[in-house]
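# Observations on chain architecture
Each chain, letter by letter, is given below.
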Amino acid sequence: MIKTLMVIAVVALAMAAGHLLIDEKGYVLIAFNDTTIEGTIVAFVILLFMVLIGAWLASKLLVLVWQIYRKTTGHFGNKKRAKSQQALNQAFWGMLNDDAYAVKSAFAKSNAPIQWQDQQHALQAKAALQSGDQAGALQHLQAMSDEAQAQVPKLWLKANQTEQALALLSQPMQQKKPSAAAVSSYLDGLLQEQKLAEVVETLSSKYKQLDLTETYWQGFFKRFFNLAQQDATDYLSQLPKTVQAHAQQSYLQTMASQGQLAKIHDVLAKLLKKGQYHQLASVLAHAKGSDTKLTQAIQNNLKKQEQNSELLFCLACMANAEGDFELAAKIFASLPEQDWQPIWVEPALHSFERTGQYQRAYQLARHQW
């Protein structure tokens, strides 16, 4: 810019100097419609020079003002972005610690960065569910983009929006190898809707995609067979053998609790014969009704292992199931304290309460196993 001004100034001075050297002032006339401007070349050169200097100063001033403005807005913008990132971090750590209040307070004064809005709504929805606010959770879930909604089917399930969760999962479930999370969420949704036949069908075709803990399987099949009731045996037979291995214990417990010991007698007798007393005890803890043959078989095994606590517990459970609460309470009371297991407590409490041994029941209930 300075170089340009210098060139213009030199040219203007040369023009003016030329006329001065020949002792001529020169004359300039500018006419535009009815407007005319006239004067000497020297006057016009000086005027032009002043205009250029003014324009240059004005441009410098504008640049300075723009830089100040950018720095100021940048400062506030950076401060706002820092607050947004801090809110997201606080909410993230709060969710990892299952602290719903921390999540809510994090977004009370500042939202997450714009590119993390879906994640913010997901965090707020989960926090609302932890606080028992299903309506609030639903609002946040609905505020998410369609693509993001499909990433949180479990939140839809917990918000009792099972149909929406199943609809969101329908597309990934059509894939040849859907993710384990998608399959487990889909199964939970079907179970929540009590679509048991579809649960069995999905397990038969997609079980290879699942990598779940035994605790999860036990809880899942416990809910499944509690709903299945009379069709439990048929559903079990339709499952692949790999899945049956996970389902059998819950199936046996459900059948035992429904007083259908006769239907599972052969399996229980096999467990007894193989010495799998722990598995047998976990089933008989739920037993109702009677199975004379099984009781006799347990007694015969006890003749050889009189001090086996698990066999004694099984016998006490059978006595409970047959209504002989006095015998059951007597056996429970004889079990060594160091052998007690958490699953034994409920059957023992039942027999103690039925025989009026409330002090013993109270002490047992208070004990930390």
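In the structure shown here, the tally under the stated rule is 2 salt bridges. Of the charged contacts, one joins K154 and D188 as a salt bridge, the two residues approaching to 3.4 Å between their closest N and O atoms. Of the two residues, K154 sits in helix α7 (residues 153-158) while D188 sits in helix α9 (residues 180-192), which places them 34 residues apart along the sequence. Given a relative accessible area of 37%, K154 falls into the partly exposed group. What makes D188 buried here is its relative accessible area of 12%. We note a salt bridge from D188 to R223, for which the minimum N-O separation is 3.4 Å.

What follows concerns the packing of helix α17 (residues 309-321) against helix α18 (residues 325-334). Between two packed helices, what matters for the description is the angle formed by their axes and the separation of those axes. Between α17 and α18, whose axes approach to 7 Å, the crossing angle comes to 160°. Accordingly, the angle class assigned to the pair α17 and α18 is roughly antiparallel. Considering the relative orientation of α17 and α18, their crossing is left-handed. Only F325, L327, A328, I331 and F332 of α18 make contact with α17, whose side of the interface consists of L312, F313, L315, A316, C317, A319 and N320. Here the contact of α17 with α18 is built from residues that sort into 11 nonpolar, 1 polar and no charged.

About the thresholds
Residues numbered from 1 in each chain as written. Predicted model: local features only at pLDDT ≥ 70, side-chain atom pairs only at ≥ 80, totals over all residues. Heavy atoms only, no water. Salt bridge = Lys/Arg side-chain N within 4 Å of Asp/Glu carboxyl O. Helix = DSSP H or I, 4+ residues; strand = E, 2+ residues; numbered from the N terminus. Buried < 20%, exposed > 50% of the residue type's maximum accessible area, 1.4 Å probe, protein only. Axes fitted to C-alpha atoms, helices over the stretch in contact; angles between N-to-C directions. Parallel < 35°, antiparallel > 145°, perpendicular 65-115°, else oblique. Left-handed = near helix turned anticlockwise from the far one by under 90°. Contact = heavy atoms within 4.5 Å. Nonpolar A, V, L, I, M, F, W, Y, C, P; charged D, E, K, R; others polar.

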